[in-house]
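Structural characterization, general
Each chain, written out:
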Amino acid sequence: MTIECFEGFDLYPVGTGWADGTFWSYAGDFSNRLSVATSDPRNGTRAISLTPAGFGQDIYTRPVTAAASGIYGAGAAWKKTAPLDSGNTGFGFIGSTGRIMVTMDATGRFVVQRSGVVILTGTTVYNNGLYNYVEVEYNGAATTATLRVNNTVEATGPCASIGVVATTFFGRWSNPGISGALWLDDFCAWNGDGVYSNTFPGDLAVLTVFPDADTADADWTPVPAGSGFSRIDNVPPDAAQYIESVSVGDVSVFDVATPVGAIFQVLGVAHQFRAQKTTAGTGEMRGSLVIGGSTIAGANRVLTNGTYNSFQDIVTINPLTGQPFLPGDLAGAQVAYERTA
């Protein structure tokens, strides 16, 4: 199982139009933008406010690992502050031939729609003014869907395939709007066999750290000359600064800054890098994490001649312990780059 998204919204500026230029993509502009607000968060300092004013499409999307037959899940802390019929407002997944969406009916029960048609209805009526944690799971292989609220299955049943799932979303899909006030917080999305099944997973932040020192393993050549780590830690990327390998088997290892801040849980470690080859012929490499002195090899990457591509490897389990990472596991971490062909 892989966590695709874990979002507490606390890192976004307060106001409307917040998703433009962020990791979320905004679809449509019908003068009824969602807003990040400091009132009524489930946890932390912010939540998403969906109000009944206006109509129109108001969707925020985020890519997930594409597949047609896997298991996908999404969950969020959900609160209504007035009698609510959410219509086509909620969250879920978009596939190539349909979408799965959690909404709420006029009685206060959560429902699951497939492309606008209700396929599951929960059993419990939920009160105003209280957050509940609601999840939807879609199994593409079994063509089923499951609705869970506060870690309890409320409904499960058949769900026609929605094709290749590649996107998660939240917001207002289409007219009509909603007849009451709605708040979302602590959004989560995952894929893979198994069940995530959270009760209020809480806020999180994506902490970005960079190489901050060279080591004795330094086969790659810095361009221009100088320290290797300072050639690959540019934000935004600088195509004029890089490290270069001319021989198969070259390896360079860099120390990485220790994440700072109040970290209580590590859901996964993502190693991101960009690379290209600049001459004809074979060019392949891998980026790896080095945790506790042991190398966690990433996937082998075939490079494109003359074009930088970005790559990412995600590790959710510390192979040294067989358990999720602890914050202390990341102290002294390193990244390694190897030319493999």
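Overview of the structure. All values reported here derive from a predicted model rather than from experimental measurement.

Definitions and limits used
Residues numbered from 1 in each chain as written. Predicted model: local features only at pLDDT ≥ 70, side-chain atom pairs only at ≥ 80, totals over all residues. Heavy atoms only, no water. Helix = DSSP H or I, 4+ residues; strand = E, 2+ residues; numbered from the N terminus. Buried < 20%, exposed > 50% of the residue type's maximum accessible area, 1.4 Å probe, protein only. Contact = heavy atoms within 4.5 Å. Areas by Shrake-Rupley, 256 points an atom, 1.4 Å probe, with all protein chains shown as cover. Salt bridge = Lys/Arg side-chain N within 4 Å of Asp/Glu carboxyl O. Polar contact = N/O pair within 3.5 Å; in protein donor to acceptor, adjacent residues only side chain to side chain. Pairing = 2+ DSSP bridges. Axes fitted to C-alpha atoms, helices over the stretch in contact; angles between N-to-C directions.

Of regular secondary structure, the chain possesses zero helices and 28 strands. The buried share of the chain, reckoned over its 341 residues, is 45%. Partitioning the contacts of the chain with sequence separation of at least 6, the portion at a separation of at least 24 is 69%. In the structure as shown, the chain presents an accessible area of about 14900 Å², 53% of it carried by carbon and sulfur atoms.

Scanning the model with the defined rule gives eight salt bridges in all. Across the pair R148 and E135 runs a salt bridge, and its minimum N-O distance is 2.8 Å. Of the two residues, R148 is situated in strand β13 (residues 144-149) and E135 in strand β12 (residues 132-139); the sequence distance between them amounts to 13 residues. E135 shares its class with R148; the two are buried. Sharing partners across several salt bridges, the network here consists of E135, E137 and R148.

Here we take up the environment of N318. By secondary structure assignment, the location of N318 is in strand β26 (residues 317-318). Among residues more than four places away in sequence, those in contact with N318 are I291, Q323, F325 and D329. Polar contacts involving the side chain of N318 include one to the main-chain amide nitrogen of L320, which spans 2.9 Å.

Along the chain, the position of P224 falls in the loop between β18 (221-223) and β19 (242-244). Using a relative accessible area of 40% as the deciding quantity, one classes P224 as partly exposed. C-alpha of P224 to C-alpha of Q241: the two residues are 17 residues apart in sequence and 6.4 Å apart in space. Leaving out residues up to four positions away in the same chain, P224 has contacts with R231, A240 and Q241.

Once that is clear, we can look at the pairing of strand β22 (residues 284-291). Among the eight residues in β22, six count as buried, and that is most of the element. Here six bridges tie β22 to strand β28 (residues 334-339), and the two strands are oriented antiparallel to one another. Bridged to L289 within β28 is V335.

A few words now on the sheet that holds strand β3 (residues 25-27). Across the sheet, seven strands lie side by side as β3-β6-β15-β8-β9-β10-β11; this open sheet has antiparallel pairing. The sheet is open, and its two edges are formed by β3 and β11 (117-121), each paired on a single side. Recorded for the sheet is a direction-independent mean angle of 30° between the axes of neighbouring strands. Pairing geometry for strand β8 (residues 89-95) and strand β9 (residues 99-104), over four bridges, is antiparallel. Following the sheet pairing, G92 is matched in β9 by M101.

Moving on, we get to the pairing of β8. On any regular strand, side chains alternate: one points to one face of the sheet, the next to the other face. Here β8 lies mainly inside the structure; six of its seven residues are buried. What sits between β8 and β9 in their antiparallel hairpin is a turn of three residues.

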